[in-house]
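One letter stands for each residue in the lines below.
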Amino acid sequence: TLLYTIKFEVIMSRNKLIIFLCSLGGHAVNIIPFSYGILLPYIFSYIRQYDPAITLSDMHIHAPLCLAMATGTAWTFGIFQKYVRPQILHVVNGVLLCTWMVLLYFVGWNFYALTAIIACCGFHSGQLHVYFSQRVTEEGRNHPGTANGLYGFFFGLAGMWGNIMGGTFINPDSVKPQLIKSNTTASGFSYIFEDPCVLQSVPRNWVILAVISFILLFPGFFVIAKKNEEEERKRLLSVDEEGVTDYHEKSYEEHPAEFNEMSIFSPTGLTLFLITIGIGVSSMCAFDLFKDYGLKVIDDDYFLNVAGIVIPFVGAVGRIMWGSLGDKITFKKLFISGNTLTFLVQSMMYVSRKNKYYYVFNTAVLSVMPGMMTLLPPAVKLFMGTQNIALKYGIVLTGEVIGCVFYLTLTSFLRKFLNDLFLVILLGAPAALSLIPTLIFIPNITP
């Protein structure tokens, strides 16, 4: 699949640079949402120096909050770009995102300041993600799935930074955490790091991550610019080198009886929204719950850090796979198979902890499932048309907010009432519940 994707004949050659820069940008803006859950044990230990009353359940709000802000406000980009040039919005959001991350060096010890800044980072991440997804889908033309798969590959690799920071800069000596009593977990205990060297390294990681994000975003400030609407309309209706019209018009001609430009609030649009809820929960399980859940059984922080580098890479390759398949297989079949596997693999997290290698393998397979997100931009464009695509995609993306709230409710507020097995089964429920509407309402057509 990688070799097939790297053959750039699949993507129009004149658009390679924009797709690549959008992919780097997508990687940069997801460093905080994807890395925070991995760094959570260190951040919790650091803040606990200043506020001993803070619990791990309190800290679990941040990663879902960041993702919820990113997906819940992403639709506003579709409104903003009607009044401000998208390139200006791109630069402003990118600079502000990095600025907030640097501020965490100074106020990251305060739980409430940390919460507010994480929410702001999530907002800017969502704005930029919609912009990059929109550009990739447009530039991918007749192979939008493959283009979004390439974007998703870099997007998914963002989770590696949390483990790189944890294993290289924060805890290079693999200092073991200490066991403490906790009234907020079903087991009655949680883990914290008390080593001064580990705790003093936590603030620096925010500045390092901010610099990395800015370096990745900077080239795109000058290259990625959206054409005006008239030029875009002419391009979408033009003929490419192969003599094939834009895939949205081609699909309409091939399937006139079953294809219509649907409303975002149609049964199909609402089904995509429901699928997004399941994707949000599985993403949180693979990148937020992985380490905290594993530390209960696996007494090897270094092993979990190394495994946490491998898992996002596997998930990133999985996004290429989903994108490539999206150009060949109907979305209905892909969503049904993906959600079925999500439920089964997610439910196996409890059993797999008995063996640390099996746990990593199971989580790596689970990390592939959120790659279905790469199918959403071309699916929205295919079913709902090209007009206001950023707004439509942003609304579908808000399904992740529901997924984050559901995840947060189970892992923070209700966790002390749930045993570990029941917890992971409930977390897989949204993916299972989306199967029936997918069978009924998702049209059986391909780009």
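### Brief notes about the overall build of the protein chain
When you go through the protein chain residue by residue, the secondary structure sums to 25 helices and two strands. At a minimum sequence separation of 6, the contacts of the protein chain that also span at least 24 residues come to 82%. Summed over its atoms, the accessible surface of the protein chain is roughly 17000 Å², and 69% of this surface lies on carbon and sulfur atoms.

### Observations concerning the pattern of salt bridges
Two side chains that carry opposite charge are able to pair once their charged atoms sit near each other. Per the stated rule, a full pass over the model turns up one salt bridge. Of the charged contacts, one joins Glu-139 and Arg-135 as a salt bridge, the two residues approaching to 3.2 Å between their closest N and O atoms. Linking Glu-139 with Arg-135, this pair stays in helix H8 (residues 111-140), spanning four residues, or about one helical turn. Judged on exposure class, the residue Glu-139 and its partner Arg-135 are both buried.

### Notes on empty space enclosed by the protein
Evaluated as defined, the whole model comprises six cavities of 30 Å³ or more. There is about 170 Å³ of room inside the largest cavity. Looking at the largest cavity, it is lined by 17 residues, and the ones nearest its centre are Asn-30, Leu-67, Thr-71, Phe-155 and Glu-400. At the level of secondary structure, the elements contributing two or more residues to the lining of the largest cavity comprise helix H5 (62-72), H8 and helix H15 (267-295). Here the residues of the lining of the largest cavity are counted per class, giving nine nonpolar, six polar and two charged. Of the pockets and cavities examined, the second largest cavity occupies roughly 60 Å³.

### Some points on the packing of aromatic side chains
As enumerated under the stated definition, the model contains 15 aromatic pairs in all. Ring centres 5.8 Å apart and planes at 45 degrees place the aromatic pair Tyr-131 and Phe-132 in the tilted group. One exposure class covers both Tyr-131 and Phe-132, and it is buried. Among the aromatic residues, ring-to-ring pairing joins Phe-20, Phe-153, Phe-154 and Phe-313 into one connected group.

### Examining the environment of Gly-37
Looking at where Gly-37 falls in the secondary structure, it is placed in helix H3 (residues 31-48). The exposure class of Gly-37 is buried, given its relative accessible area of 3%. Separated by 23 residues in sequence, Gly-37 and His-60 have C-alpha atoms that sit 7.9 Å apart.

### Overview of the side chain of Thr-330
Considering the arrangement of structural elements, one finds Thr-330 in the loop between helix H16 (301-326) and helix H17 (331-347). Within the local environment of Thr-330, its side chain forms a polar contact with the side chain of Asn-444, the two groups lying 2.9 Å apart.

### A word on helix H11 (residues 196-217)
Each α-helix winds once per 3.6 residues, and so residues spaced three or four apart point in a common direction. Here H11 contains 22 residues, and its C-alpha end-to-end distance of 34 Å stays within 8% of the 32 Å for a straight helix at 1.5 Å per residue. A bend of about 35 degrees at Pro-203 is the largest found in H11. The distance from a side-chain oxygen at the start of H11 to the backbone nitrogen of Cys-197 is 3.0 Å, and the residue carrying that oxygen is Asp-195.

### Side note on the packing of H5 against H8
Axis separation between H5 and H8 bottoms out at 6 Å; the angle between their running directions is 35 degrees. Considering how the two elements wind past one another, H5 and H8 form a crossing that is right-handed. In this structure, H5 contributes His-62, Leu-65, Cys-66, Met-69 and Ala-70 to the contact, and H8 contributes Phe-111, Leu-114, Thr-115, Ile-118, Ala-119, Gly-122, Phe-123, Ser-125 and Gly-126.

### Structural notes on the side chain of Thr-374
Looking at the secondary structure, you find Thr-374 in the loop between helix H19 (356-368) and helix H20 (376-384). Discounting residues that sit within four places of it in the chain, Thr-374 has contacts with Asn-148, Gly-149, Gly-152, Arg-319, Trp-322 and Gly-323.

### What to know about the nonpolar core
In terms of nonpolar packing, the biggest core is built from 114 residues, with Tyr-36, Ile-43, Met-59, Leu-114, Leu-272 and Phe-383 touching the most fellow members. With eleven residues, H3 is the single largest residue contributor to this core. Non-local contacts of Ile-43, meaning those with residues more than four positions away in its chain, are made with Tyr-36, Met-59, Leu-114, Val-202 and Trp-206.

### Considering the environment of Pro-33
Take Pro-33: it is sitting in helix H3. Judged by relative accessible area, Pro-33 falls into the buried class, the value being 5%. It is 8.4 Å that separates the C-alpha atoms of Pro-33 and Cys-121, two residues lying 88 residues apart in sequence. For Pro-33, the residues in contact, after removing those within four places along its chain, are Cys-66 and Ser-125.

### Points about the confidence of the model for the protein chain
Summary statistics for the protein chain give a mean pLDDT of 77 and a share of 82% for residues scoring 70 or more. Note on residues 1-12: pLDDT under 50 across the span, and 23 contacts to partners over four residues away in sequence or across chains. A low-confidence stretch, residues 235-260 stays under pLDDT 50, and its non-local contacts, those more than four residues away or across chains, total 52 contacts.

### Let's talk about a nonpolar patch on the surface
Nonpolar side chains collect at one region of the surface, where Trp-75, Ile-79, Phe-80, Tyr-83, Val-84, Ile-88, Val-92 and Leu-96 lie side by side and expose about 710 Å² of accessible area between them. Those elements giving two or more residues to the nonpolar patch turn out to be helix H6 (76-80) and helix H7 (86-107). Per element, the largest residue contribution to the nonpolar patch is three residues, and it comes from H7. Relative to the assigned elements, Trp-75 resides in the loop between H5 and H6.

### Topic: H3
For H3, spanning 18 residues, the distance from its first C-alpha to its last is 24 Å, which sits close to the expected 26 Å at 1.5 Å a residue. At Leu-39, H3 shows its maximal kink, close to 60 degrees; a proline, Pro-41, follows between one and four residues later. In terms of burial, H3 is a largely internal element, 17 of the 18 residues being buried.

Here is what the cut-offs are and how they apply
- Residues numbered from 1 in each chain as written.
- Predicted model: local features only at pLDDT ≥ 70, side-chain atom pairs only at ≥ 80, totals over all residues.
- Heavy atoms only, no water.
- Helix = DSSP H or I, 4+ residues; strand = E, 2+ residues; numbered from the N terminus.
- Contact = heavy atoms within 4.5 Å.
- Areas by Shrake-Rupley, 256 points an atom, 1.4 Å probe, with all protein chains shown as cover.
- Salt bridge = Lys/Arg side-chain N within 4 Å of Asp/Glu carboxyl O.
- Buried < 20%, exposed > 50% of the residue type's maximum accessible area, 1.4 Å probe, protein only.
- 1 Å grid on protein atoms, 1.4 Å probe; cavity = no way out; pocket = protein on both sides within 12 Å on 5 of 7 lines; lining within 4 Å.
- Points joined across faces, edges and corners; volume = space filled by probe spheres on them.
- Nonpolar A, V, L, I, M, F, W, Y, C, P; charged D, E, K, R; others polar.
- Phe/Tyr/Trp six-rings, centres within 6.5 Å; stacked < 30°, edge-to-face > 60°.
- Polar contact = N/O pair within 3.5 Å; in protein donor to acceptor, adjacent residues only side chain to side chain.
- Expected span 1.5 Å × (residues − 1).
- Bend = angle between axes of the 7 residues up to and from the residue.
- Axes fitted to C-alpha atoms, helices over the stretch in contact; angles between N-to-C directions.
- Left-handed = near helix turned anticlockwise from the far one by under 90°.
- Core = buried A, V, L, I, M, F, W, Y, C linked by side-chain atoms within 4.5 Å.
- pLDDT = per-residue confidence, 0-100.
- Patch = residues over 30% accessible without salt bridge, like charges linked within 9 Å, V, L, I, M, F, W, Y side chains within 5 Å.

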